[in-house]
Amino acid sequence: MVNHKTVLAIFCILLGLSSFFLFSTTCSANNSLPSTFYVTFQGYMQPEYFPEDETPVLALIFLNGTSYTAETTIFTFYIEELTGGEHVAKFTLAFGDFYDEITLPATVSDGRVYIDSTPTMFVVDPASLIDDNTIQLYQTENLVLSGTVLGDGRVSTLIENYRIFSKVVRASYQTDSDSFFSKPMLSFDHETGVLTHAAGQISDVLLNKLGVAYLLGGIFDLVDYSENLNFTIVRDFISFFELILIPVFVIIFVLVAFFAYRASKKKREKRKKHLNKSLKILYILNKMREELMWTAKL
């Protein structure tokens, strides 16, 4: 017989299944930086920041003062642990027709990755990602990039319709030069400290090694990353399949609840009918007892 406990159990199962399809998040947490991993980003400029008759482009500014523009860019940060505990960092940059890459010795220490004793902005110490905390991201002789942790966010990616839970950092440059520097927004995985998203003006030791002063543009979304990073991902929107699946779950729940109610109602009616019969028998027995007592008095 179906009862309210059965209905509750079925509802919990359906709710769990719907949550799985809607959010599909990774479960395993990683509290340390993997010894070998990579992240790949694609950059693009949003059209609303350009006049209708102009093509949205990014700008690549070289250390020698020259510049180059392109509609999109792709760059990859890769680090690998070698035998003996040493590391190498590889950085590739494709910017329109321009392409370059470099492989350098790297040092991993205190949650950061250093190139020639200079930390790269691609990895920060996750322990420093505390709300309202000020952290240093990158520094050269005449340039400092630091930022303030704003809080948690779900940053965009170009991986299907996923977003990544991250710590959002509002950064700014300090420099003695007269050059214009915008204030980038950077996001980092709260478990590993790996960069998950960027927007605005990007400068880093690895870009400098390629002769690039900075990338100036709009959005830099993640397009690929190694599975051992275990980023916490969430679906950005409900798919058409899920839009159909949710009403199906609701209909199933309503039907189960309806049949459970009918079964419970029949059980109550049966119990009531049995009680009425018992009361009727008791009434007859009482009448018989009264008649016998009356007869005995006569």
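The model shown is predicted, which means the values in this text are computed figures rather than measured ones.

Q: Quick question: what am I supposed to make of the overall build of the protein chain here?
A: Broken down by element type, the protein chain carries 3 helices and 15 strands. For the protein chain, the residues scored as buried account for 38% of the 298 residues in total. Of the roughly 17,600 Å² of accessible surface on the protein chain, 59% is carried by carbon and sulfur atoms.

Q: Can you help me understand the environment of Thr-72 in this one?
A: Summarising the element assignment, Thr-72 is placed in strand S4 (residues 72-81). Classification of Thr-72 by relative accessible area gives partly exposed; the value is 39%. The spatial distance from the C-alpha of Thr-72 to the C-alpha of Gly-43 is 5.4 Å, given a sequence separation of 29 residues.

Q: Where do I start with the side chain of Ser-166 in this structure?
A: One can find Ser-166 in strand S11 (residues 162-175). Of the polar contacts made by the side chain of Ser-166, one reaches the backbone oxygen of Ile-164; its length is 3.3 Å. For Ser-166, the side chain forms a polar contact with the side chain of Thr-196, separated by 2.8 Å. Contacts of Ser-166, omitting those with residues within four sequence positions, involve Gly-151, Asp-152, Gly-153, Val-155, Ser-187, Phe-188 and Thr-196.

Q: Explain the packing of aromatic side chains to me, please; I cannot follow it from the model alone.
A: Given two aromatic rings, their pairing is described by the distance between the two centres and the angle made by the two planes. Evaluated as defined, the whole model comprises 11 aromatic pairs. One aromatic cluster in this structure is built from Phe-37, Phe-41, Phe-75, Phe-77, Phe-91, Phe-122 and Phe-220.

Q: I'm lost on the side chain of Ser-187 in this one. Help?
A: With respect to the helices and strands, the residue Ser-187 is situated in strand S12 (residues 185-188). Excluding residues that lie within four positions of it along the chain, Ser-187 makes contacts with Val-155, Ser-166, Lys-167, Val-168, Val-194, Leu-195, Thr-196 and His-197.

Q: Just to check I follow, could you spell out the pattern of salt bridges for this structure?
A: Proximity of charged atoms lets side chains of opposite charge pair with each other. Going through the model one piece at a time under the given rule, you end up with 4 salt bridges. Among the ionic pairs, Glu-101 bridges to Lys-90, the shortest N-O distance being 3.9 Å. One end of the pair, Glu-101, is in strand S6 (residues 98-109); the other, Lys-90, is in strand S5 (residues 87-95), and 11 residues separate them in sequence. Across the pair Asp-152 and Lys-167 runs a salt bridge, and its minimum N-O distance is 3.0 Å. Here Asp-152 is found in strand S10 (residues 143-156), whereas its partner Lys-167 is found in strand S11, with 15 residues between them in sequence. Taking the relative accessible area as the measure of exposure, Lys-167 reaches 11% and is therefore buried. Through salt bridges with shared partners, a single ionic network connects Asp-131, Asp-152 and Lys-167.

Q: Help me understand the confidence of the model for the protein chain in this model?
A: Caution applies to low-pLDDT parts of the model: their predicted coordinates are not meant to be read in detail. Per-residue confidence for the protein chain averages 80 on the pLDDT scale, and 67% of its residues sit at or above 70. Mean pLDDT across the secondary structure elements of the protein chain bottoms out at helix H1 (residues 4-23), with 46, and peaks at S5, with 97. Confidence over residues 10-31 falls short of pLDDT 50; this stretch has 36 contacts with residues more than four positions distant or in other chains.

Q: What's the story with the pairing of strand S1 (residues 37-44) in this structure? I'm lost.
A: Here is the key point about a regular strand: its side chains alternate between the two faces of the sheet. Sheet topology places S1 next to S4; 8 bridges connect them, and they run antiparallel. Bridged to Val-39 within S4 is Phe-77. With 6 bridges joining them, S1 and strand S14 (residues 212-225) adopt antiparallel strand pairing. Looking at S14, one finds that Val-39 is bridged to Tyr-225.

Q: I keep staring at the environment of Thr-120 and nothing clicks. Help me out?
A: Within the secondary structure, Thr-120 sits in the loop between strand S8 (118-119) and strand S9 (134-139). A C-alpha to C-alpha distance of 6.0 Å links Thr-120 and Val-205, two positions 85 residues apart in sequence. The contacts of Thr-120, once residues within four sequence positions are left out, are Phe-77, Arg-112, Val-113, Leu-137, Asp-204, Val-205 and Leu-206. At 3.2 Å, the side chain of Thr-120 forms a polar contact with the backbone nitrogen of Phe-122.

Q: Help me understand the nonpolar core, please; the structure alone is not making it clear to me.
A: Generally speaking, nonpolar side chains in soluble globular proteins are found buried as a group. The biggest cluster of nonpolar side chains holds 61 residues, and the ones touching the most others in it are Val-39, Phe-75, Phe-77, Phe-91, Phe-122, Leu-186 and Phe-231. If you tally residues by element for this core, the top one is S14, at 7 residues. Those residues within four positions of Val-39 in sequence are excluded, and the remaining contacts are Phe-75, Thr-76, Phe-77, Val-194, Leu-195, Leu-222, Asp-224, Tyr-225, Leu-229 and Phe-231.

Q: Sorry if this is basic, but what is going on with the pairing of strand S13 (residues 195-202) here?
A: With 8 of 8 residues buried, S13 lies mostly within the body of the structure. Linkage of S12 to S13, two consecutive antiparallel strands, is achieved through a turn of 6 residues, within which Gly-193 is found at a positive phi near 80 degrees. Here S13 runs beside S14; their pairing, made up of 5 bridges, is antiparallel. Residue His-197 lies in a different strand from S14, and its bridge partner there is Asp-221.

Parameters and conventions
- Residues numbered from 1 in each chain as written.
- Predicted model: local features only at pLDDT ≥ 70, side-chain atom pairs only at ≥ 80, totals over all residues.
- Heavy atoms only, no water.
- Helix = DSSP H or I, 4+ residues; strand = E, 2+ residues; numbered from the N terminus.
- Buried < 20%, exposed > 50% of the residue type's maximum accessible area, 1.4 Å probe, protein only.
- Areas by Shrake-Rupley, 256 points an atom, 1.4 Å probe, with all protein chains shown as cover.
- Polar contact = N/O pair within 3.5 Å; in protein donor to acceptor, adjacent residues only side chain to side chain.
- Contact = heavy atoms within 4.5 Å.
- Phe/Tyr/Trp six-rings, centres within 6.5 Å; stacked < 30°, edge-to-face > 60°.
- Salt bridge = Lys/Arg side-chain N within 4 Å of Asp/Glu carboxyl O.
- pLDDT = per-residue confidence, 0-100.
- Pairing = 2+ DSSP bridges.
- Core = buried A, V, L, I, M, F, W, Y, C linked by side-chain atoms within 4.5 Å.

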